[in-house]
Amino acid sequence: MKTDNFLLEIHTEELPPKTLQKLSQALMEAIESGLTEAGLAHGDLQLFATPRRLAVIVKALAAKQPSRMIERRGPACCAAFKDGKPTQACEGFAKSCGTTVDKLETLTTDKGEFLFYKKSEAGKPATTLMPEIVEKAIKLLPIAKPMRWGKHQAQFARPVHSIIMMYGKKVIPSNFFGKKADKKTQGHRFHQEKVLMIESANTYEAQLEKQGFVIPDFEKRQQLILTGLLACAKEHKATVIIEKPLLNEVTALVEWPVVLLGQFPKRFLELPREVLISTMQNHQKCFPLTNHQGKLLPLFMTVSNLQSLSPELVIKGNERVMIARLSDAEFFYKADRMQPLKKYRDDLKNVIFQAKLGTVYEKTERMKSLAEFIAEKIGANVDEAKRASELSKCDLMTSMVSEFPELQGVMGHYYALHDQESNEIAMALEEQYMPFNAEADLPKTQTGKILALADRIDTLV
């Protein structure tokens, strides 16, 4: 049987980077499920995902379904005829099968005789079936907040600009999101502003790369970024900190990745390591660098979405924003330490923990009673457990945690040490949130374990 490659591309505004992989995977799986249900033979499926497009290629898709035998069992013969004449149930079954009563057969089973209909049905062309399969697949996509745009009622993760649906070189007539399917798409937003005409499903990836300055394959694009980061770090005799979630997010933000190296003033290295890393990773989507001893360097790497003729200007722009963010962090860090951590405790009286359970301050009071009880039972230091409970949520009221909420607990640790609290208490303030998930580390100090238990017990009860 004749086969050819099938191509679907949905070209959109910039898609949410943190859900791009999930959307593309769901689209491919839904199409594959639809092909199986329709009985269309096919080869491997290849997915593509960039900030501005979701695409799937189905390799070696059969031109049509195989012929199949349709068999349907109807009502029992005793209910199908009365006085030798067909009943309403009999006529209804024949009509639902698209035939007449005289064309129905009788099927004998151990439960009696039943009306039976059997016929051979020719397979439908793939070009007829694919629009239905794609439409169903789109409806199954896990889009948390679908958008509407223009005057029509179509919804998607972001506004859709164009649709490609091709079988080999042939466009499959269809209409999605108010757009008729054709061969047109857009390349890179800045490197290639002209419309690209895709010649066939077989040339899609190569045309986007060579003519459109777009690397549509997510894994290939990610590998290019990873290679660039490692090469740049090696060149500067450094080690780059690469966390998979950030790498995935950055890959989902660019179509033509270019790795660039920036720097910031050394004075910012006086800030806590976690503050620097959080600023670079979470706020600026950049990658920190360390020396061979694991100490942070005043360097960072960013991934640009274009091959600039003046990369030094792109670097300066990134450095300017990075320095501004680090200056904010520096200001918060200095301002927060102008008063002891315990001074923030009264501010917790103004923060509601839960309407019927009072404020966060009241929660820490309950934690203190629980911590005292647990400490006594296990022979731990009761005074330290009570003190850690009192200070446990104070850092939530600091400027740093207000701006960097992911640093709760971490900043409590640093501020407690600055106030000359014991190392046990300081560690406990950070360890109270551990473990973060099933695979994460557990608290190491006794006071940290007590505080973590007290916090969870109070919340559960």
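Computed from a prediction, not measured in an experiment: that's the story for all the values here. (Residues numbered from 1 in each chain as written. Predicted model: local features only at pLDDT ≥ 70, side-chain atom pairs only at ≥ 80, totals over all residues. Heavy atoms only, no water.)

## Let's talk about the overall build of the chain
No. 1: Each helix and strand counted, the chain has 15 helices and 22 strands in total.
No. 2: When the backbone C-alpha atoms are referred to their principal axes, the chain occupies close to 100 × 65 × 40 Å.
No. 3: If you take every contact in the chain between residues at least 6 apart in sequence, the share linking residues at least 24 apart comes to 64%.
No. 4: Just so you have it, the chain exposes about 24200 Å², and 53% of that area is on carbon and sulfur atoms.
No. 5: For the chain, the distance from the average position of its 63 positive side-chain charges to the average position of its 57 negative side-chain charges is 6 Å. (Helix = DSSP H or I, 4+ residues; strand = E, 2+ residues; numbered from the N terminus. Contact = heavy atoms within 4.5 Å. Areas by Shrake-Rupley, 256 points an atom, 1.4 Å probe, with all protein chains shown as cover. Lys, Arg positive; Asp, Glu negative; His and termini not counted. Charge placed at Lys NZ, Arg CZ, Asp CG, Glu CD.)

## Some thoughts on the packing of aromatic side chains
No. 1: For the structure shown, the criterion picks out seven aromatic pairs.
No. 2: Among the aromatic residues, those joined into a ring-pair cluster are Trp149, Phe156 and Phe177.
No. 3: The residue whose ring lies beneath Arg73 is Phe114, and the NZ or CZ to ring-centre distance is 4.3 Å.
No. 4: Note that Lys349 overlies the ring of Tyr361, its terminal NZ or CZ placed 4.8 Å from the centroid. (Phe/Tyr/Trp six-rings, centres within 6.5 Å; stacked < 30°, edge-to-face > 60°. Lys NZ or Arg CZ within 6 Å of the ring centre and 35° of its normal.)

## Structural notes on helix α3 (residues 88-96)
Owing to its 3.6 residues per turn, the α-helix brings residues three or four apart onto one side.
No. 1: Those residues of α3 that fall on the buried side of the exposure criterion are Cys90, Phe93 and Ala94. Along the long axis of α3, the arc covered by the buried residues comes to 100°, so they all point the same way. Along α3, the residues that are exposed and aim more than 90 degrees away from the buried face are Gln88 and Lys95.
No. 2: Of the residues one or two after α3, Gly98 is the one with positive phi, at around 70°. (Buried < 20%, exposed > 50% of the residue type's maximum accessible area, 1.4 Å probe, protein only. Arc of directions from axis to C-beta.)

## Focus on the environment of Val314
No. 1: Inspection of the secondary structure puts Val314 in helix α9 (residues 311-336).
No. 2: A relative accessible area of 23% means that Val314 is categorised as partly exposed.
No. 3: Here the alpha-carbon distance between Val314 and Asp419, two residues 105 residues apart in the chain, equals 42 Å.
No. 4: Excluding residues within four positions of it along the chain, Val314 makes contact with Leu260, Ser304 and Ser308.

## With respect to the nonpolar core
No. 1: Residues Phe6, Phe156 and Phe177 are the most contacted members of the largest nonpolar core, which totals 43 residues.
No. 2: Only β1 (3-12), α1 (20-38), β2 (45-50), β3 (53-62), α4 (126-139) and β11 (160-167) provide two or more residues apiece to this core.
No. 3: If near-sequence neighbours (up to four positions away) are discounted, Phe156 is found in contact with Ile10, Thr12, Leu15, Leu54, Ile138, Leu141, Ile143, Pro146, Met147, Trp149 and Phe177.
No. 4: Counting 41 residues, the second largest nonpolar core, distinct from the first, contains Leu271, Tyr344, Ala385 and Ile425. (Core = buried A, V, L, I, M, F, W, Y, C linked by side-chain atoms within 4.5 Å.)

## Considering a nonpolar patch on the surface
No. 1: A cluster of nonpolar side chains, namely Leu453, Ile457 and Val461, defines an oily patch on the protein surface of about 300 Å² accessible area.
No. 2: Among the residues examined, Ile457 registers a relative accessible area of 32% and is labelled partly exposed. (Patch = residues over 30% accessible without salt bridge, like charges linked within 9 Å, V, L, I, M, F, W, Y side chains within 5 Å. Salt bridge = Lys/Arg side-chain N within 4 Å of Asp/Glu carboxyl O.)

## Remarks on the packing of helix α8 (residues 273-283) against α9
No. 1: Across the interface, α8 lies against α9 with an axial gap of 10 Å and an inter-helix angle of 135°. With respect to their mutual orientation, α8 and α9 come out oblique. Two packed elements cross with a definite hand, and for α8 against α9 that hand is right-handed. Each of Val275, Leu276, Thr279, Met280 and His283 in α8 lies in contact with α9, whose residues at this interface are Met322, Arg325, Leu326 and Ala329. (Axes fitted to C-alpha atoms, helices over the stretch in contact; angles between N-to-C directions. Parallel < 35°, antiparallel > 145°, perpendicular 65-115°, else oblique. Left-handed = near helix turned anticlockwise from the far one by under 90°.)

## Points about unusual backbone geometry
No. 1: Note the cis peptide between Met434 and Pro435, where omega equals -5°.
No. 2: As for its position among the elements, Pro435 is in the loop between α14 (423-431) and α15 (446-460).
No. 3: Unlike most non-glycine residues, Phe177 shows phi in positive territory, near 55°.
No. 4: Within the secondary structure layout, Phe177 lies in the loop between β13 (175-176) and β14 (179-180).

## Comments concerning the sheet that holds β2
No. 1: On the basis of which strands lie adjacent, the open sheet formed by five strands has the order β2-β3-β1-β11-β12 and antiparallel pairing. Because the sheet does not close on itself, it has two edges, and the strands there are β2 and β12 (170-171). (Pairing = 2+ DSSP bridges.)

## Here's the deal with the pattern of salt bridges
No. 1: In total, this model carries 20 salt bridges according to the counting rule given.
No. 2: In this structure, the salt-bridge partner of Arg325 is Glu403, at a minimum N-O distance of 3.3 Å. In this pair, Arg325 is assigned in helix α9 and Glu403 in helix α12 (residues 399-403), connecting sequence segments 78 residues apart.
No. 3: Note that Asp455 is salt-bridged to Lys393, the shortest N-O span being 2.7 Å. Placement of Asp455 in helix α15 and of Lys393 in the loop between α11 (382-391) and α12 is noted, with a sequence separation of 62 residues between them. For the residue pair Asp455 and Lys393, the accessibility class agrees, reading buried in each case.
No. 4: Salt bridges linked by common partners bring Arg345, Glu365, Lys368, Arg387, Glu390 and Glu421 together as one network.

The analysis is restricted to geometry; functional conclusions fall outside its scope.
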